[in-house]
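Structural overview for review
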Amino acid sequence: MNILSIVCMSALEERGSHLEIFKLCYLPVFLDYVRVFGPHVYIAMAATRKLQGEIDRCLKKVTEGVETFEDIWQKVHNATNSNQKEKYEADLKKEIKKLQRLRDQIKSWIASGEIKDKSTLLEYRKLIETVRNSHFS
């Protein structure tokens, strides 16, 4: 057991307050981290996590959008009524516009220097372009 653990346990026994424990135990460790590595490193790590979350959400939307697009595409070809077919075609256009907006976002991430491994982003961009070109060529 290290000295920090002992101090934290004694603070909990004496005060019982989580704020006091934070002040005594975690705040000094955080401040030492900032002093050694600088505040920009901590902020950069948080920004990287936030960016990764945005990318993950975007890629999930692409996957869902491609599935939706394929479903609507099947409905267009299976539609017997011309009114139904027109409605599905309008839905198809909306879905392709969503996918194109997501593709533009992916292209901006690919162009930025923030991301080192761009292979996944390139795959998803190509997926969107393939879906668009295969159905509208």
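What this report covers is the structure whose coordinates are included nearby. Along each chain, residues carry numbers from 1 onward, in the same order as the chain's sequence is written. Residue-level local features of this predicted model are given only where pLDDT is at least 70; pairs of side-chain atoms are given and counted only at 80 or more, and the full residue set underlies all totals for whole chains, interfaces and linings. Calculated side-chain values reflect all of the structure's heavy atoms, with hydrogen atoms and water omitted.

1. Focus: the overall build of the chain
Scanning the chain from N- to C-terminus turns up five helices and zero strands. Considering the chain as a whole, with its 137 residues, one finds that 26% of them fall into the buried category. Every residue pair with non-hydrogen atoms within 4.5 Å of one another is taken to be in contact. Sequence separation of at least 24 residues holds for 55% of the intrachain contacts in the chain that already meet a minimum separation of 6. Accessible surface for the chain amounts to roughly 9,800 Å². Of this, 56% is attributable to carbon and sulfur atoms. Strands here mean DSSP runs of E at least two residues long; helices mean DSSP runs of H or I at least four residues long; both are numbered from the N terminus. Here's how the labels work: a residue is buried when its accessible area is under 20% of the maximum for its type, exposed when over 50%, partly exposed in between, all with a 1.4 Å probe on protein chains only. Each accessible area is a Shrake-Rupley estimate made with a 1.4 Å probe; only the visible protein chains count as cover when residues are assessed.

2. Description of the nonpolar core
As used here, the term nonpolar core means buried Ala, Val, Leu, Ile, Met, Phe, Trp, Tyr and Cys residues forming a set that is joined through side-chain atoms within 4.5 Å. Residues Ile55, Leu99, Ile106, Trp109 and Leu121 are the most contacted members of the largest nonpolar core, which totals 23 residues. In terms of residue count, the dominant contributor to this core is helix H3 (residues 39-78) (ten residues). The contact partners of Ile106, leaving out residues within four places of it in the chain, are Cys58, Leu59, Val62, Leu121, Tyr124, Arg125 and Ile128.

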